[in-house]
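The primary structure of each chain is shown beneath.
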Amino acid sequence: MLQVLKTLRWAQPVRALSSVTTSNVATNVTTTAAVPAPEPDTLFSKLEIELRGIDPAVLKSYTWFANTAADHLGIEKGKCWSPRKAHHERMTLLKSVHIYKKHRVQYEVRTHFRYMNFHKLTGSTLDTFLEYIERNLPEGVALQVSKTELQQVPEHLRQPPEQV
Amino acid sequence: MNFLKKLAPHIALAESQICKSADLHTSAVCCRVQSGRYRITTKRNRPLTYEMANPPHFIAHRKSWNSWNTSTLLDSQRPAQTAVEDLFIRKFITGTWHALTCSEIIIKRQHNTIRIASIIRQAISPRKMYFLIGYTEELLSYWMQCPVTLELQTVADKKDVVFKYI
Amino acid sequence: MAASLTRLLERSLRTTHAPQSSVRLFSNGSQKQQQQQPEVEDEEEFRVLNLRPVKQQFQRRRDIRRDDVTPPRTTRMAVDQDWTAAWPGPRSFHPASVPLPLRQGFTERGAAAPSKFANAELMKIPNFLHLTPPAIRQQCEAIKKFCTPWPKGLETEAKWKPHFPVEVITTDYCQSLPTVRNPEARRVTVSLKLSDLKFDNHARDKFLRLVGERYNKETDVLTFVTDRCPLRKQNYDYALYLLTACYHESFVTEPWEATKSEADMELYLFERNQAKRSAEAILNWNAAEGAPKKAASASYAQCVEQLINEGENEYNLAKYKEEVMKMLNVAAQ
């Protein structure tokens, strides 16, 4: 795994985090022309992960893994929960080929859900963490990630337009 | 001879119709009540693996699924294609490893890779086995257009996988 | 089989009819050279004529030489081995590599569950053997250098909200499919509080009319959900475009907006209503021609607006009564 991780192709090696503090939020970071301007890191207030799977035990183990990884990486964990009942998709068919309507067989596909929340991640942390846990996604589990990105008000919307 | 000439278009038509009907390949209906269940023999000597000993309604209770993918879950894509591909993989492997597979073929899909697990009898030499592994992986990955890995376990004899006799 | 039979026949024939046998030999052509050598040796030996082709001698079954099966790897494993090296990645369970006395399977009461060898159930279930706690720690330490801390000064939502009021929600999907595309991933939600944008009265009214359903009055949150374009980037751009266009459009006053009648008003305004004229008429009763007009007090205007906009309740009515008496200089009884 270590070797695999070493060969991971990171989209951007390390994104420099422009130290966003309350004092210099409004003023853009001034950089010299020679050095390529470091791309300011994005901020994500919340990362919501929805897991779907056929086996609740696998989902539970995976949740444990993701939470442990978040602990090691120093990510703030939020609520982690799963609905009590799985979603059942049922099909009811005749048991016989075409007669005996009272005798049916029922097939169902169950989908178990599990939700995890993580809070306050920077862009590079989020990429690292997501890539790590997505790579270790076990078979038969689908992952859905909702990311809430924080942004400033666009430049042209800060002041009302002067004369229209 | 003229008679035959007259007949020729009819024959051609009949042939084309035969060909059309031959396009649809049908197999015997697997009755939903009987499929996956085995009858007791009088001599009580039918060997069953663990998989065969538990009928389908025990899936997720006593035994687990043979195909692991996300296509059957709620709101997911390609359920039909995945099922057909799995069927093809099963047929291909049982045919390629002829009379060697002792268990069901387990197909696990993780991201875009397919991992195929199975129990194989040690009836052929390891060299042949290595060849077959490479052959299967290469061909399947060409057809499925994704990496395929074979993860085999071998047993010395077919009786090793037998769970009970009925 | 056939070759040996012919050979026997040839020999039997040769003893009686020598010339014929030679002919036969010639006819065989290619076989002849091979057969000539054993001929010399066989002449000394008396060969029995096997008239009845009895069953061929039972050929001894060739023993299938099997290579030695190596014993399970678990027997050679050290107790303190590095497990992350023994099981580095996701893999189906293999009994020879896992030194655990696992058993899996349902049996009738009293019987032991099937052991780990030749157990398909253990191979089916996804295992986390490559994600043991030491492995997770090791890997997390390796990737920790790519992480950056959350900036100081933005610890709580109340602190970051003034600087980053816009929230963009996107969704990623990860499924076991040969494709990485998911049409649902194109959806983008952009939301911000209306109080973060600067408006004047007219612009605010017009903006709310333009966005319509996208504004939630209770929470004061404006939300744009876009899924028109096939790509996420396009949808994001489209959402920002919508926001910008609505914002700028709301500051435009069209000529037809002057024709807004009382029926179109969304709020009761004291300034443009009969109440103001009535109040002024009462205040300026019998006033001299040139004298400055007296206007109704601001508090009166406010309480009338409140009464009509919020509806009649006890507080508003009491306030109205108080203001009216104050305006008319009627002493409370």
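Residues numbered from 1 in each chain as written. Chains lettered and ligands numbered in written order. Predicted model: local features only at pLDDT ≥ 70, side-chain atom pairs only at ≥ 80, totals over all residues. Heavy atoms only, no water.

Looking at an unreviewed UniProt entry, one finds chain C named Blast:28S ribosomal protein S35, mitochondrial, with Drosophila guanche as its source organism.

The name given to chain A in an unreviewed UniProt entry is Small ribosomal subunit protein uS10m, with Drosophila guanche as the source organism. Regarding chain A, the relevant UniProt record gives this comment under Sequence similarities (unreviewed entry): "Belongs to the universal ribosomal protein uS10 family." As recorded by UniProt, the Subcellular location (unreviewed entry) comment attached to chain A reads in full: "Mitochondrion". (UniProt positions renumbered as here; feature names shortened; annotations may be inferred.)

Visitor: Would you mind showing me how to read the domain arrangement of chain C here?
Guide: Under the domain assignment, chain C is made up of domain 1 (82-147), domain 2 (157-259) and domain 3 (262-328). Taking only C-alpha atoms, the centre of domain 2 of chain C and the centre of domain 3 of chain C are 39 Å apart. (Domains from an automatic or database assignment.)

Visitor: I keep staring at the side chain of threonine 84 of chain C and nothing clicks. Help me out?
Guide: Along the polypeptide, threonine 84 of chain C turns up in helix α4 (residues 83-86). Setting aside its immediate chain neighbours within four residues, threonine 84 of chain C contacts Ala135 and Gln138 of chain C. (Helix = DSSP H or I, 4+ residues; strand = E, 2+ residues; numbered from the N terminus. Contact = heavy atoms within 4.5 Å.)

Visitor: Would you mind going over the UniProt feature "domain: Small ribosomal subunit protein mS35 mitochondrial conserved" (unreviewed entry) in chain C with me for this structure?
Guide: Sequence positions flagged by UniProt for "domain: Small ribosomal subunit protein mS35 mitochondrial conserved" (unreviewed entry) are, in local numbering, residues 167-250 of chain C. Taken as a whole, residues 167-250 of chain C contains 36% helix and 26% strand, while its terminal C-alpha atoms sit 22 Å from one another.

Visitor: Any chance you could explain the interface of chain A and chain C here in plain terms?
Guide: Where the parts come together, the accessible area they lose is often given as the size of the interface. In this complex, chain A contributes 59 residues to the contact, which on the side of chain C involves 49 residues. Counting the surface lost from both chain A and chain C, the interface buries some 5300 Å², and carbon and sulfur atoms represent 68% of this. Taken together, chain A and chain C are joined by 1 salt bridge. In this structure, lysine 147 of chain A and aspartate 172 of chain C form a salt bridge, with 2.9 Å as the shortest nitrogen-oxygen distance. (Buried area = accessible area lost by both parts, 1.4 Å probe. Salt bridge = Lys/Arg side-chain N within 4 Å of Asp/Glu carboxyl O.)

Visitor: Looking at this structure, I do not really get the sheet that holds strand β5 (residues 148-155) of chain B. What am I missing?
Guide: One key point about sheets: their strands pair by backbone hydrogen bonds, in either a parallel or an antiparallel sense. All names here are of chain B. Pairing is mixed in the open sheet, where 4 strands are placed in the order β2-β3-β4-β5. Of all strands in the sheet, those with a lone pairing partner are β2 (67-68) and β5, marking the two edges. The sheet contact formed by strand β4 (residues 113-121) and β5 spans 8 bridges and is parallel. Note that in β5 the partner of alanine 117 across the bridge is glutamate 151. (Pairing = 2+ DSSP bridges.)

Visitor: Is there a simple way to explain the interface of chain C and chain B in this structure?
Guide: With 30 residues of chain C at the contact, the number on the chain B side is 36 residues. Taking both sides of the interface into account, the surface hidden between chain C and chain B amounts to around 2800 Å²; carbon and sulfur atoms contribute 55%. Of all residues in chain C, the largest losses of buried area upon contact with chain B belong to Met123, Lys124 and Ser176 of chain C, amounting jointly to 24% of the total for that side. Taken together, chain C and chain B are joined by 1 salt bridge. Between glutamate 51 of chain B and lysine 124 of chain C there is a salt bridge, and its shortest N-O distance comes to 2.4 Å. At the boundary of chain C with chain B, the tally comes to 12 residue pairs in polar contact (both at pLDDT 80 or more). The dominant element in the side of chain C that touches chain B, judged by the number of residues it contributes, is helix α5 (residues 120-124) of chain C, at 4 residues. Grouping the constituent residues of the side of chain C that touches chain B by class yields 15 nonpolar, 8 polar and 7 charged. (Polar contact = N/O pair within 3.5 Å; in protein donor to acceptor, adjacent residues only side chain to side chain. Nonpolar A, V, L, I, M, F, W, Y, C, P; charged D, E, K, R; others polar.)

Visitor: When you look at helix α8 (residues 201-211) of chain C in this model, what are you seeing that I'm missing?
Guide: Given 3.6 residues per helical turn, the α-helix brings residues three or four places apart onto the same face. All names here are of chain C. Buried within α8 are the following residues: Ala203, Asp205, Lys206, Phe207 and Val211. Residues of α8 that are buried sit in contact with β3 (215-216), β4 (221-226) and α9 (232-250). Glycine 212, located one to two residues past α8, shows a positive phi value of around 60°. (Buried < 20%, exposed > 50% of the residue type's maximum accessible area, 1.4 Å probe, protein only.)

Visitor: Honestly, the pattern of salt bridges in this entry has me stumped. Any pointers?
Guide: Pairing of side chains with opposite charge becomes possible as their charged atoms draw close. Counted under the stated rule, the structure contains 30 salt bridges over all chains. Between lysine 120 of chain A and glutamate 76 of chain A there is a salt bridge, with the nearest N and O atoms lying 3.4 Å from each other. One end of the pair, lysine 120 of chain A, is in strand β4 (residues 104-122); the other, glutamate 76 of chain A, is in strand β2 (residues 76-81), and 44 residues separate them in sequence. Salt-bridge contacts for arginine 109 of chain B lead to glutamate 85 of chain B; the nearest nitrogen and oxygen are separated by 3.1 Å. Here glutamate 85 of chain B lies in helix α3 (residues 79-96) and arginine 109 of chain B lies in strand β3 (residues 106-110), a separation of 24 residues in the sequence. Connected through salt bridges with shared partners, the residues Glu139 of chain A together with Lys108, Arg115 and Glu151 of chain B form a single ionic network.

Visitor: How should the UniProt feature "domain: Small ribosomal subunit protein uS10" (unreviewed entry) in chain A be read in this particular structure?
Guide: When the UniProt feature table is mapped to this numbering, "domain: Small ribosomal subunit protein uS10" (unreviewed entry) covers residues 48-146 of chain A. For residues 48-146 of chain A, the helix share is 31%, the strand share is 45%, and the end-to-end C-alpha distance is 5 Å.

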